[in-house]
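This is what each chain is made of:
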Amino acid sequence: MTDIFNGKIDVAVIGGGPSGLAAATELKRAGIARVVVIEREPEAGGIPRHCGHPPFGMREFKRILTGPKYAARLVKRAINAGVEVHVDTTVVSMRAGGKLLISNKNHSGKIVATRVIYATGVRELPRSMRLISGVRAKGIVNTGALQSMVFLKGQVPFKHPVIVGTELVSFSAIQTCRHAGIKPVAMIEENTHTSARWPTGIFPRLVGVPLHLNTRLVSINGDRVVTSVTVADHLDNKREISCDGVVLSGKFTPESTLARMGHLDIDSGTGGPVVDQFGRCSDPVYFATGNLLRPVETGGFSWQEGHDLAQKVLDDLNGKLPQADDIIAIVVEGEMIKYAMPQRISRTSNQGKIQLRVTGDAKGVIKATSGGKPVGEFAINTRAERRILWPISSLDLAKSNGQITLRFDPK
Ligand SMILES: Cc1cc2nc3c(=O)[nH]c(=O)nc-3n(C[C@H](O)[C@H](O)[C@H](O)COP(=O)(O)OP(=O)(O)OC[C@H]3O[C@@H](n4cnc5c(N)ncnc54)[C@H](O)[C@@H]3O)c2cc1C
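Report on the accompanying structure. Since we're looking at a predicted model, the values are computed, not measured. (Residues numbered from 1 in each chain as written. Predicted model: local features only at pLDDT ≥ 70, side-chain atom pairs only at ≥ 80, totals over all residues.)

## Structural notes on the overall build of the protein chain
Heads up, the condition is: Each helix is a run of H or I in the DSSP string that is no shorter than four residues. Each strand is a run of E no shorter than two, and both are numbered from the N terminus. The quantity called the radius of gyration is restricted to C-alpha atoms. Its globule counterpart is 2.2 Å times the number of residues to the power 0.38. Labels follow a simple rule on C-beta atoms placed from the backbone: if 20 or more others lie within 10 Å of a residue's own, it is buried; if 12 or fewer, it is exposed; otherwise it is partly exposed.
Per the secondary structure count, the protein chain includes 9 helices and 26 strands. Relative to a compact globule of 411 residues, whose C-alpha radius of gyration would be 22 Å, the protein chain shows 22 Å and is just as compact. Taken along its principal axes, the extent of the C-alpha atoms in the protein chain is 60 × 55 × 40 Å. Within the protein chain, the proportion of its 411 residues that are buried is 45%.

## Here's the deal with the sheet that holds strand β16 (residues 245-248)
For clarity, the cut-off: The pairing criterion for strands is at least two bridges between them, as found by DSSP. Residues are scored as being in contact if the C-beta atoms we place from backbone atoms lie within 7 Å. Here an angle of 0 to 180 degrees is reported between the N-to-C directions of two axes, which are lines fitted to C-alpha atoms, with helices fitted over the stretch in contact.
Pairing in this open sheet of 5 strands is parallel, and the strands run β9-β16-β10-β11-β12 from one edge to the other. Every other strand in the sheet has two partners, leaving β9 (140-142) and β12 (211-212) as the edge strands with one partner each. In this sheet, β16 lies alongside strand β10 (residues 161-164) in parallel orientation, the contact comprising 4 bridges. Across the sheet, the residue bridging to Val162 is Val246, located in β16. Strand contacts of helix α5 (residues 143-153): β9 and β16, with the helix running at about 95 degrees to β9, the strand carrying the most contacts.

## Let's talk about the environment of Phe61
Within the element layout of this structure, Phe61 appears in helix α2 (residues 58-61). As a C-alpha pair, Phe61 and Arg73 span 12 residues in sequence and 8.8 Å in three-dimensional space.

## A short note on unusual backbone geometry
Between Pro295 and the following residue, Val296, the backbone shows a cis peptide bond with an omega angle of -20 degrees. With respect to the helices, strands and loops of the structure, Val296 is situated in the loop between β18 (286-288) and α9 (299-317). A cis amide bond links Met341 with the next residue in sequence, Pro342, at an omega value of 5 degrees. Mapped onto the elements of the fold, Pro342 is located in the loop between β20 (337-341) and β21 (344-346). The phi dihedral of Leu131 is positive, around 55 degrees, even though this residue is not glycine. Within the secondary structure layout, Leu131 lies in the loop between α4 (127-130) and β8 (133-134). Its 7 C-beta neighbours within 10 Å are what place Leu131 among the exposed residues. Its identity is not glycine, yet Lys251 carries a phi of approximately 50 degrees, on the positive side. Relative to the helices and strands, Lys251 resides in the loop between β16 and β17 (252-254).

## Quick word on α5
Which entries qualify depends on this criterion: Working definition: the arc comes from the directions between the helix axis and the C-beta atoms, pointing outward to the latter.
Among all positions of α5, only Thr143, Leu146, Gln147, Val150 and Phe151 are buried. Taken end-on, α5 shows its buried residues confined to a sector of 100 degrees, consistent with a single buried face. Close packing links the buried residues of α5 with β7 (122-124), β9, α6 (168-179) and β16. Directly beyond the C-terminal end of α5, a positive phi value near 65 degrees is found at Gly154.

## With respect to the site of the ligand
Operational definition: Any residue whose backbone-placed C-beta atom lies within 6 Å of a molecule or strand is treated as near that molecule or strand. Side-chain classes are defined by residue name, with Ala, Val, Leu, Ile, Met, Phe, Trp, Tyr, Cys and Pro counting as nonpolar, Asp, Glu, Lys and Arg as charged, and the others, Gly among them, as polar. Those domain boundaries reflect an automatic or database domain assignment.
The environment of the ligand is made up of 36 residues, and the closest members are Gly15, Gly17, Gly46, Gly121 and Gly290. Of all the secondary structure elements, the ones that give two or more residues to the shell around the ligand are α1 (18-29), β4 (90-95), β7, α5, α6 and α9. Taken together, the residues of the shell around the ligand sort by class into 13 nonpolar, 17 polar and 6 charged. Here the shell around the ligand spans two domains, and each of domain 1 (9-123 + 253-317) and domain 2 (126-250) adds at least three residues to it.

## What about the packing of α1 against α9?
Put simply, the test is: Should the near helix be turned counterclockwise from the far one by less than a right angle, the crossing is left-handed, whereas a clockwise turn marks it as right-handed.
Look at α1 against α9: their axes get within 7 Å of each other, and the N-to-C directions meet at 35 degrees. Crossing of α1 over α9 shows right-handed handedness. From α1, Pro18, Ser19, Gly20, Ala22, Ala23, Glu26 and Leu27 reach across to α9, where they touch Gly299, Ser302, Trp303, Glu305, Gly306, His307, Leu309, Ala310, Val313 and Leu314.

## As for the nonpolar core
Here is the rule we go by: What we call a nonpolar core is a set of buried Ala, Val, Leu, Ile, Met, Phe, Trp, Tyr and Cys residues whose membership is set by joining through C-beta atoms within 7 Å.
If you look at the biggest cluster of nonpolar residues, it comprises 72 residues, and the most contacted ones within it are Ala12, Val13, Val37, Ile117 and Ile337. Ignoring anything within four residues of it in the chain, the contact list for Ile337 reads Val332, Leu356, Val358, Ile366, Leu406 and Phe408. The next biggest cluster of nonpolar side chains, apart from the first, holds 28 residues, and it includes Ile140, Ile163, Val169 and Ala186.

## Focus: the sheet that holds strand β25 (residues 388-391)
Taken in spatial order, the 3 strands make up an open sheet running β20-β22-β25, and their pairing is antiparallel. On the outer flanks of this sheet lie β20 and β25, each paired with one strand and no other. Within the sheet, the average angular offset between the axes of one strand and its neighbour, ignoring direction, is 25 degrees. Here β20 pairs with strand β22 (residues 353-358) via 4 bridges, running antiparallel. Note on β22: the bridge partner recorded for Ala340 is Leu356.

Take a look at the structure:
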């Protein structure tokens, strides 16, 4: 494989997860001369590498695979297509016009790519950002750290943890515990229902883990190691649960540190880079894809986004994308809509869908207005953290000025 610091690079992909690998593979298959994937871990494959459970791969390989098998197949497919996958290599800075500062074991320096695909995924909020009180005892991890300890390093960090959260990933945490012989003593959720769809709520009970709804974490107790957690119900009645660890699951946020330290615009709603419906960032040399765009979708959905992004990057390289600056900004108003992505849409194209999430149970209509006039509406009946896809083709772009405002109107 050519040294990454030598030669011209047509497309550099930052992040070798499902979305980055899919985009790279399709670009190479379409005839782009040099496509490199830059991955900071010792192996590419992204988060599925340490999700030692099914179901991954139905969309991509028409079969159900565990995460590690799925990741390995994606990497193999990319390499077979001719993609250069550079592991143990980290992008430490993104600069205007496709300049990347990168660092690996042997060298650190600058590369320049004609186009850059930014695909660094999501992570769970760490304890510090959840504002949980208590000391820094041993045994407090996110699901990602737990999975990597259990599946990649063969470690067992505790025996009887409490699992905080009920998103899909929280159920992965239970599966990971079971794999390692760990018996969670409780799963807690501050809402009246699990965040993941029914019938996931039955799963903890089936495997003997008590599920406590209406229950929030107040503090983590212990000195060197965790000895208990204090929880409170909706009436603020507090009690202690004995445990030797805590899994802080879910509450995802895009891994957008590079953009925050650099020059790309960031959306405060998604926490990811601002993009148009072609995945193009505020610097049009940069495109973004996968879970970096918004928290959070499945591996298959992220893979599909990367796969579809390849055609848009190709169109751009061939001068076929609409002008990057002829855009309408999408702005969210009110507390109910958590985010809308893309945050800009090209005035001359009605391709694509707006992805939205709401902050709680929502039955009603999302109204789109521009300059005070209605330009579209979309009926919803959903809950927090559920995917909403609104086709851009149903918006009247011709009637819109430079901004469309979205607002939820309950029925
Ligand atoms: C803990 C956890 C568990 C999950 N479990 C599931 C599950 O069971 N099923 C499911 O469908 N989805 C799950 N997800 C969602 C997951 O994000 C998607 O499955 C999928 O991995 C998204 O693909 P991606 O390519 O967008 O990002 P990722 O898979 O996250 O890939 C991003 C890659 O970028 C690399 N990277 C980041 N920064 C840099 C840098 N500066 N330089 C170089 N490389 C960098 C990372 O090392 C990583 O390999 C989980 C997510 C998390 C965080």
